[in-house]
Amino acid sequence: MDMIVANDRAELAGARQALGVGGAGGGTLALVPTMGALHEGHRSLIRLAGEHADHVAVSVFVNPLQFGPGEDYARYPRTFEADLEVCAAEGAGVVFAPSAEEMYLPDRQVSVSAGKMGTVAEGAFRPGHFDGMLTVVLKLFNLVRPDAAVFGRKDAQQLALIRRMAADLNLPISIVGAPTVREADGLALSSRNRYLSPEDRTAALALSRALFAGAELAETGRSTPGEIRRAARAVLDAEPGADVDYLILADPATFAEVGDDHGGEAVLAVAARVGTTRLIDNVVLTLG
Ligand code: AMP
């Protein structure tokens, strides 16, 4: 069957029916929410979604609610025709691509609050971002009604918040985390990488290099969180083209910074501005 493109909720309901999703004996559906400008990282999510359900839905929606004033909503890359080809090639059954008017009522009032966890790390630099992200993800869940949803670990705090929302609000959806896809030289794939000039691209490598330096130190099993942070920081400080917003070693479930007595998993996460582009990346380490 050809992939269905749904632009509104009626077409989406029709697509669910055409695919035979839901109901007694019906197939299962996994959702991959995206903002489009799809790359190899998104492709890997679509493939992983196919392992978790009979059918895969991909949403393509640049969500105005999760961009702050002065952020890159207007210039965010929009490559819809190419995105459709990617989705079809990876076996998606339906692409849901609503307009902002379809998603948001003009008099909307109610939204999801990310709570304290939405105000630390990435949330401290992007006030309201995680509230906007959770609100659109919950709306997409309600419209698409998937059995599972796949998110990249590249956006580790986003994934942790979605898991939190699913637990706190009793969502009947299993949340699947997918590994970060990188270029051969370590740069994490991102729709925003296309903004990078060749010089920016070289400077951007400092992010993954810093994270890998921290990970290598953690692997010795003898380094404290303080030492790991300092080693990663030194790599970033040596790159004048990368302007660091934060570098944290945090609990992967809460994003609170870990103390020197922390054992077990921790996430080393960084955000930096390179040229006019803001990039984020992280790796998960085992401490102690
Ligand atoms: P975005 O379109 O950037 O909002 O991302 C949509 C989904 O793709 C999110 O779950 C991201 O975490 C995930 N994603 C983005 N970049 C990567 C990557 N390099 N590797 C794996 N997943 C990614």
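Below: a short report on this structure. For clarity, every value in this text was computed on a predicted model and none was experimentally measured.

Below, the discussion takes up the sheet that holds strand S9 (residues 277-287). Hydrogen bonds between backbone groups are what pair the strands of a sheet, and the pairing can be parallel or antiparallel. What the 3 strands build is an open sheet, ordered S7-S8-S9; its pairing is antiparallel. Of all the strands in the sheet, just strand S7 (242-250) and S9 have a single pairing partner and so form its edges. Direction aside, the axes of adjacent strands within the sheet are offset by 15° on average. Both S7 and strand S8 (residues 264-274) contribute to a ladder of 8 bridges, which runs antiparallel. In the strand pairing of S8, Ala250 is matched with Val267.

Those residues of helix H3 (residues 80-89) that sit buried are Asp83, Leu84, Val86 and Cys87. Looking straight down H3, one finds its buried side chains confined to an arc of 160°; they lie on one side. In H3, the exposed residues that point more than 90 degrees away from the buried face are Glu81, Glu85 and Ala89. Where H3 is buried, its residues contact strand S1 (4-6), helix H2 (40-50), strand S3 (55-60) and strand S4 (94-96).

Applying the stated criterion across every chain, the model contains 16 salt bridges. The shortest N-O distance in the salt bridge between Glu102 and Arg9 comes to 2.9 Å. With Glu102 in helix H4 (residues 100-103) and Arg9 in helix H1 (residues 9-19), the pair connects residues that are 93 residues apart, well separated along the chain. Under the relative-accessibility criterion, Arg9 is labelled partly exposed at 45%. Residue Asp72 is joined to Arg192 by a salt bridge in which the shortest nitrogen-to-oxygen separation is 2.7 Å. Linking Asp72 in the loop between S3 and H3 with Arg192 in the loop between strand S6 (174-178) and helix H8 (198-219), this pair joins segments that are 120 residues apart in sequence. Taking relative accessible area as the criterion, Asp72 reaches 14% and is therefore assigned buried. Arg192 gets classed as buried once you look at its relative accessible area, which sits at 17%.

Turning our attention to the pairing of S3. Burial analysis of S3 places 5 of its 6 residues in the buried class, which makes it a mostly covered element. Where strand S2 (residues 29-34) lies against S3, 6 bridges are found, and the strand directions are parallel. Across the sheet, Leu29 pairs through a bridge with His55, a residue of S3. Read as a crossover between parallel neighbours, the route from S2 over H2 to S3 is right-handed. In this structure, S3 lies alongside S4, joined through 3 bridges in parallel fashion. Among the inter-strand pairings, Val58 is bridged to a residue of S4, identified as Val95. As for the winding sense of the linkage, the β-α-β connection from S3 through H3 to S4 is right-handed.

One finds Leu134, Val137, Phe141, Phe151, Ile175 and Phe255 to be the most contacted residues of the largest nonpolar core, which totals 45 residues. Breaking this core down by element, the ones donating at least two residues are H1, S2, S4, helix H6 (129-144), strand S5 (148-152), helix H7 (156-168), S7 and S8. With 9 residues, H6 is the largest single contributor of residues to this core. The two domains that each donate at least three residues to this core are domain 1 (4-178) and domain 2 (191-282). In this structure, Leu134 is in contact with Val112, Ala114, Leu161, Ile162 and Met165, ignoring residues within four places of it in sequence. In terms of nonpolar packing, the next biggest core, distinct from the first, is built from 28 residues, Leu211, Val258, Leu268 and Val283 among them.

With that out of the way, let us pick up the packing of H6 against H7. The relative placement of two packed helices is expressed as an angle between their axes plus a distance between the axes. Following both chains from N to C, one finds H6 and H7 inclined at 55°, their axes separated by 11 Å at the closest point. Regarding the angle of H6 to H7, the classification is oblique. Of the two elements, H6 crosses H7, and the hand of that crossing is right-handed. Taking contact as the criterion, the partners of Phe130, Met133, Leu134, Val137 and Leu138 in H6 are, on H7, Gln157, Gln158, Leu161, Ile162 and Met165. Residues belonging to the contact of H6 with H7 are distributed by class as follows: 8 nonpolar, 2 polar and no charged.

Analysis parameters
Residues numbered from 1 in each chain as written. Predicted model: local features only at pLDDT ≥ 70, side-chain atom pairs only at ≥ 80, totals over all residues. Heavy atoms only, no water. Pairing = 2+ DSSP bridges. Helix = DSSP H or I, 4+ residues; strand = E, 2+ residues; numbered from the N terminus. Axes fitted to C-alpha atoms, helices over the stretch in contact; angles between N-to-C directions. Buried < 20%, exposed > 50% of the residue type's maximum accessible area, 1.4 Å probe, protein only. Arc of directions from axis to C-beta. Contact = heavy atoms within 4.5 Å. Salt bridge = Lys/Arg side-chain N within 4 Å of Asp/Glu carboxyl O. Right-handed = clockwise from strand over helix to strand, strands pointing away. Core = buried A, V, L, I, M, F, W, Y, C linked by side-chain atoms within 4.5 Å. Domains from an automatic or database assignment. Parallel < 35°, antiparallel > 145°, perpendicular 65-115°, else oblique. Left-handed = near helix turned anticlockwise from the far one by under 90°. Nonpolar A, V, L, I, M, F, W, Y, C, P; charged D, E, K, R; others polar.

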